[in-house]
Amino acid sequence: MKVFVALAIIAVATAAPQNPQDVQILRYESNNAGLDAYNFAWELSDGSLHEEQGQLKNQGTENEGIAVQGRYAWVGPDGVNYIITYVADENGFQPTIQQGPGGAIPSAVVASLLG
């Protein structure tokens, strides 16, 4: 039984990417529907992803602009899968945490991403 547990731990440790060079692209999509719409999506083997759609609003008017919605996710150093959804339009960038402990990203996780 101990040998099985040890082999299971080794298998899990070796299956996870060890450094950024080991991360693989699992999905990549990009579609530019002319000048008035676009979308893209990508997903990596380390659990990170980004999906976004944008559309031109009020074309030809003084209030012309792009309305964007999307989500991005990553697995933090604490092992938690963080998911942020957002809208970006005439009201600015409006993110919402969809998943994460306590509805906030711990400062240690943010520091590890920026550091």
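Residues numbered from 1 in each chain as written. Predicted model: local features only at pLDDT ≥ 70, side-chain atom pairs only at ≥ 80, totals over all residues. Heavy atoms only, no water.

If you check an unreviewed UniProt entry, the protein chain appears there as Cuticular protein PxutCPR30 from Papilio xuthus.

Draft legend 1. Looking closely at the environment of D89. Along the chain, the position of D89 falls in strand β5 (residues 81–89). Taking the C-alpha atoms as reference, D89 lies 4.5 Å from A67; in sequence the two are 22 residues apart. Once residues lying within four places of it in the same chain are set aside, the contact partners of D89 are I66, A67 and Q94. At a separation of 2.9 Å, a polar atom in the side chain of D89 contacts the side chain of Q94. (Helix = DSSP H or I, 4+ residues; strand = E, 2+ residues; numbered from the N terminus. Contact = heavy atoms within 4.5 Å. Polar contact = N/O pair within 3.5 Å; in protein donor to acceptor, adjacent residues only side chain to side chain.)

Draft legend 2. Representation of the pairing of strand β1 (residues 25–32) in the model. Within β1, only zero of the eight residues are buried, which leaves the element largely exposed. Of the strand pairs in this sheet, β1 and strand β2 (residues 37–44) are connected by seven bridges, and their pairing is antiparallel. Counted as the bridge partner of N32 is Y38 from β2. Connecting the antiparallel pair β1 and β2 is a turn made up of four residues, with G34 showing a positive phi of about 85°. (Buried < 20%, exposed > 50% of the residue type's maximum accessible area, 1.4 Å probe, protein only. Pairing = 2+ DSSP bridges.)

Draft legend 3. Quick look at the pairing of β2. Summarising the sheet, β2 and strand β3 (residues 49–57) pair through seven bridges and their orientation is antiparallel. Each bridged residue has a counterpart across the sheet, and for F40 the counterpart in β3 is E52. What sits between β2 and β3 in their antiparallel hairpin is a turn of four residues, with G47 showing a positive phi close to 95°.

Draft legend 4. Representation of the packing of aromatic side chains within the structure. Tallied over the entire structure, the rule returns five aromatic pairs. When the ring of Y38 is compared with that of F40, the centres are 6.5 Å apart and the planes differ by 10°; the resulting orientation is stacked. Measuring from centroid to centroid gives 5.4 Å for Y86 and F93, while their planes differ by 40°, and the two rings are tilted. (Phe/Tyr/Trp six-rings, centres within 6.5 Å; stacked < 30°, edge-to-face > 60°.)

Draft legend 5. Geometry of the pattern of salt bridges. Using the criterion set out here, one finds four salt bridges in the structure. Overlapping salt bridges, with partners in common, bring together R27, E29, E43, E51 and R71 in one network. (Salt bridge = Lys/Arg side-chain N within 4 Å of Asp/Glu carboxyl O.)

Draft legend 6. Focus on unusual backbone geometry. In this structure, N58 takes a positive phi of about 55° despite not being glycine. Relative to the elements of secondary structure, N58 occurs in the loop between β3 and β4 (65–75). Overall, the relative accessible area of 46% leaves N58 in the partly exposed class.

Draft legend 7. Broad picture of the environment of S45. As for its placement among the helices and strands, S45 is situated in the loop between β2 and β3. From its side chain, S45 meets the backbone nitrogen of Q24 in a polar contact 2.8 Å long.

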